[in-house]
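A closer look at the structure
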Amino acid sequence: MRHIDRLPEPQILTDKHDEWQKKFDEKRKNNPNARPDSTKYGNKNIRETLDSCSHFKCFYCEATLKGDLKEIDHFKEVAIAPELAYTWSNLYLSCHNCNDKYSHDVIPLSDVLDPCSDTDNEIKKNITFEDECICAQPDSKKGLQTIRKFRLNSDAQDFKRLKWLKRIKDEVIDIQGKMINEARNQFTEEEEKKSLLRFMQRDQPYSLMSEMYLRKHLPSLFI
Ligand SMILES: [Zn+2]
C-alpha cells in the first residue's frame, strides 16, 4: 500500500451523480439489499481516472491491474453507506483479492489504513515487509487489521510479490556481476537511479515492498 493522490472527480460523476443516486435510493425502498449499478460507477471515464490515480495499481496491494482484473471497490461499503454509492472519494481501484475484503462488521474501517487519506509515513509506521511477506510493524494493531481486512497476506499475494522480488534480485545480481568484472565496488549513478531506486517509485508495482527490500539488502543506496 502507498498513499494515493486522488485526481479531481471525473466529469461523468459531476454530471450524473445526483440522478444515479436518486435511482439507487428508489431501488432500495423496494429492496434494502439492492446494489448500485456497476455499469454506472464502473463507467470508462471513472475507471480511467482511477487508473491514473494509482498508475494502474490496486489501491491496497499495489498489484498492477489489467483488463478484467480491475474491480471498483466502495471503501465504505454500500451496506453501511448507501449514500456514497456513486461518490468519487469512496471509489477505489482494487484487485479481486483485496475487494473480497472482510466486512465492516468483522473489521471496521476505523481499524485500518486508508491509502487515500493516510500518508506514506503513516502506512510505513504500520506495515512492513520481510522479503515478499507483508507484516505489521511491532505493536501495530492497525497494521495487523489492514493486512487481515484486505487479505494482503494471502498465498496468491505472497506468490505475486515473490515473482516481482525475483525481478529485483535478478537486476541486483546482474549489476553486481558487472561490478566484479569491472573491479569496482560502487554502483554507477545510472545503476542506482535508473535501475535499483526505480523499483521504489510510486508508479512501480509493489513499490513499498521493493523499498523495504532495497533498504535491508542494499543500505548503501540510501546513504
Ligand atoms: Zn489488491
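These lines cover the structure that appears in this document, whether it is placed above or below. (Residues numbered from 1 in each chain as written. Predicted model: local features only at pLDDT ≥ 70, side-chain atom pairs only at ≥ 80, totals over all residues. Heavy atoms only, no water.)

Before going further, it helps to examine helix α1 (residues 11-30). With 20 residues, α1 should reach 28 Å at 1.5 Å per residue; the first-to-last C-alpha distance of 30 Å fits that figure. Roughly 55 degrees is the biggest bend found in α1, and it falls at His17. Turning to α1, its buried residues number three or more, namely Leu13, His17, Trp20, Gln21 and Phe24. (Helix = DSSP H or I, 4+ residues; strand = E, 2+ residues; numbered from the N terminus. Expected span 1.5 Å × (residues − 1). Bend = angle between axes of the 7 residues up to and from the residue. Buried < 20%, exposed > 50% of the residue type's maximum accessible area, 1.4 Å probe, protein only.)

Centre distance and the angle of the planes are the two values used to describe a pair of aromatic rings. For the coordinates displayed, the defined rule picks out nine aromatic pairs. On the basis of an interplanar angle of 50 degrees and a centroid distance of 6.4 Å, the ring pair of Tyr41 and Tyr86 is categorised as tilted. Of the two residues, Tyr41 sits in helix α2 (residues 38-41) while Tyr86 sits in the loop between β1 (71-74) and β2 (91-94), which places them 45 residues apart along the sequence. What makes Tyr41 buried here is its relative accessible area of 9%. (Phe/Tyr/Trp six-rings, centres within 6.5 Å; stacked < 30°, edge-to-face > 60°.)

Before going further, it helps to spend a moment on the side chain of Thr128. By secondary structure assignment, the location of Thr128 is in strand β3 (residues 127-130). We classify Thr128 as buried; its relative accessible area is 15%. Apart from the residues lying within four places of it in its own chain, the contact partners of Thr128 are Cys133, Ile134, Cys135, Gln137 and Met212. (Contact = heavy atoms within 4.5 Å.)

Bringing the pattern of salt bridges into the picture now. In this structure the tally under the stated criterion is 21 salt bridges. Here Asp37 makes a salt bridge to Lys40, at a shortest N to O gap of 3.0 Å. Using a relative accessible area of 25% as the deciding quantity, one classes Asp37 as partly exposed. Two residues, Lys44 and Glu48, come together in a salt bridge whose shortest N-O distance is 3.0 Å. Separated by four residues within a single helix, Lys44 and Glu48 lie in helix α3 (residues 44-54), roughly one turn from each other. (Salt bridge = Lys/Arg side-chain N within 4 Å of Asp/Glu carboxyl O.)

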